[in-house]
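The chain contents come next:
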Amino acid sequence: MNPEPVHEPRKVPVLPIALAIAAAVLATDVYTPQEMPPQYLYVLCILLTVWSPHERTLWWMTALCSGLTVFGSYLSPPTFDFYIILFNRSIAIILFLATALLVQTYRRTHEQLHQLNRELEARVEDRTRELAHVFAEREQLNRNLHDDVLQSLYAVGLRLEAG
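Please read these numbers as outputs of a predicted model, since none were measured by experiment. Residue numbers run consecutively from 1 along every chain, following the written order of its sequence. Residues qualify for local features only when their pLDDT is at least 70, as the model is predicted, and side-chain atom pairs are given and counted only at 80 or more; totals for whole chains, interfaces and linings, by contrast, use all residues. Hydrogens and water molecules were not included; the side-chain quantities draw on all heavy atoms of the structure.

K.L.:
It is not clear to me how the side chain of Thr62 should be interpreted in this structure. Could you clarify?
P.N.:
In this description a helix means any DSSP run of H or I spanning at least four residues, a strand means any run of E spanning at least two, and both kinds are numbered starting from the N terminus. Examined against the element boundaries, Thr62 turns out to sit in helix α3 (residues 55-75). Only protein chains enter the accessibility calculation, which uses a 1.4 Å probe. A residue is then buried if its area is under 20% of the maximum for its type, exposed if over 50%, and partly exposed in between. On the basis of relative accessibility, which here comes to 2%, the residue Thr62 falls in the buried class. Residues adjacent in sequence count toward polar contacts only when both atoms are side-chain atoms; beyond that, a polar contact is any pair of N or O atoms within 3.5 Å, and within protein one must be able to donate a hydrogen and the other to accept it. A polar atom in the side chain of Thr62 sits 2.8 Å from the backbone oxygen of Leu58. With residues near it in sequence (within four places) discarded, Thr62 still touches Ile46, Phe96, Leu97 and Ala100. The contact criterion used is simple: two residues touch if any of their non-hydrogen atoms lie within 4.5 Å.

Shown next as structure tokens:
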């Protein structure tokens, strides 16, 4: 029994796509009034790191998005309500950290699922080999019994002819 290969994600150029999105969000952030929170779109960059082969990419992207959120507030046109700006930027950074933690949990759960799948496949292969061996023994016993019955019938037939 040949198990089908476990579905592996395609190689996605995560970093260039995420950096392009981050640049677009930064440009949007700079030209948007500070009361409008376009920095929440940085979450897309963090979500893209699910397909990255390295977990540290997730944390670097989270730090980059947080830094760009703060940097965007300095580059944006000045406005009058500092507390709204501070609130929006703080919530965005908290959202980035929460998203990063969720992505990390997803990645670990996904890896555990793959490990459990590999273990299950190994157990199925072992059990299949055991069953094949048992069936081979059963077939051998059937052949032996069949041969014994034929020999007994032949012996009975010879006795009847002789007797």
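K.L.:
Help me understand a nonpolar patch on the surface in this model?
P.N.:
Each patch is assembled from residues with relative accessible area greater than 30% and no salt bridge, linking like charges that lie within 9 Å and nonpolar side chains (Val, Leu, Ile, Met, Phe, Trp, Tyr) that lie within 5 Å. Here, Shrake-Rupley sampling with a 1.4 Å probe gives the accessible areas, and only protein chains in the shown set may cover a residue. For this analysis, a salt bridge means a side-chain nitrogen from Lys or Arg found within 4 Å of a carboxyl oxygen belonging to Asp or Glu. Together, Val12, Ile17 and Trp51 make up a nonpolar patch on the protein surface, roughly 240 Å² of accessible area in all. Position of Trp51 relative to the elements: it lies in the loop between α2 (43-48) and α3.

K.L.:
Would you explain the pattern of salt bridges in this entry?
P.N.:
When charged atoms on two side chains of opposite charge get close, those side chains can pair. Inspection of every chain in the model, using the stated rule, returns five salt bridges. For Glu55, the salt bridge goes to Arg108, with nearest N and O atoms at 3.4 Å. Of this pair, Glu55 sits in helix α3 while Arg108 sits in helix α4 (residues 82-162), placing them 53 residues apart in sequence. A relative accessible area of 28% places Glu55 in the partly exposed class. Note that Glu111 is salt-bridged to Arg118, the shortest N-O span being 3.1 Å.

K.L.:
So what exactly am I meant to see when it comes to the packing of aromatic side chains here?
P.N.:
Note on aromatic pairs: each is described by the distance of the centres and the angle between the planes. Stacked, edge-to-face and tilted are the three classes for Phe, Tyr and Trp ring pairs, Trp counted by its six-membered ring, which pair at centre distances within 6.5 Å; planes under 30 degrees apart are stacked, over 60 edge-to-face, the rest tilted. In this structure the tally under the stated criterion is two aromatic pairs. Ring geometry for Tyr42 versus Phe96: centroids 6.0 Å apart, planes at 85°, classification edge-to-face. Here Tyr42, found in the loop between α1 (14-30) and α2, pairs with Phe96, found in helix α4; they are 54 residues apart in sequence, far enough to count as distant. Each of the two residues, Tyr42 as well as Phe96, counts as buried.

K.L.:
Can you help me understand the nonpolar core in this one?
P.N.:
Buried residues of nine kinds, namely Ala, Val, Leu, Ile, Met, Phe, Trp, Tyr and Cys, make up a nonpolar core once their side-chain atoms join them within 4.5 Å. Counting 19 residues, the largest nonpolar core has Tyr42, Cys45, Ile46, Met61, Cys65 and Phe96 as its most contacted members. Elements with a minimum of two residues in this core: α1, α2, α3 and α4. A per-element tally of this core places α1 first, with six residues. Those residues within four positions of Tyr42 in sequence are excluded, and the remaining contacts are Ala22, Val25, Leu26, Cys65, Leu68, Thr69 and Phe96.

K.L.:
Can you walk me through the environment of Leu145 in this structure?
P.N.:
Within the fold, Leu145 resides in helix α4. Considered as a pair, Leu145 and Ala100 are 45 residues apart in the sequence and their alpha carbons are 67 Å apart.

K.L.:
Any chance you could explain the packing of α3 against α4 here in plain terms?
P.N.:
Orientation of α3 relative to α4, taken along the N-to-C sense of each, is 170°, at an axis distance of 10 Å. One way to sum up the angle between α3 and α4 is to call them roughly antiparallel. For the pair α3 and α4, contact is made by Glu55, Leu58, Trp59, Thr62, Cys65, Ser66, Thr69, Val70, Gly72 and Ser73 and by Ile85, Arg89, Ala92, Ile93, Phe96, Leu97, Ala100, Leu101, Val103, Gln104, Arg107 and Arg108, respectively. Partitioned by chemical class, the residues of the contact of α3 with α4 number 12 nonpolar, six polar and four charged. Axes here mean lines fitted to C-alpha atoms, for a helix over just the part in contact, with angles spanning 0 to 180 degrees between N-to-C directions. An angle below 35 degrees is treated as roughly parallel, one above 145 as roughly antiparallel, one from 65 to 115 as roughly perpendicular, and anything else as oblique. Side-chain classes are defined by residue name, with Ala, Val, Leu, Ile, Met, Phe, Trp, Tyr, Cys and Pro counting as nonpolar, Asp, Glu, Lys and Arg as charged, and the others, Gly among them, as polar.

K.L.:
How do you make sense of α3 when you look at a structure like this?
P.N.:
Since there are 3.6 residues in each turn of an α-helix, residues three or four apart along the chain are aligned in direction. By this rule the span expected of a helix is its residue count minus one, scaled by 1.5 Å. For α3, built from 21 residues, the straight-helix expectation of 30 Å at 1.5 Å per residue is met to within 8% by its first-to-last C-alpha distance of 30 Å. For α3, the complete set of buried residues consists of Thr57, Leu58, Met61, Thr62, Cys65, Ser66, Leu68, Thr69, Gly72 and Ser73. Each element contacted by the buried residues of α3 is listed here: α1, α2 and α4.

Geometric descriptors of this kind do not, in isolation, establish any biological role.
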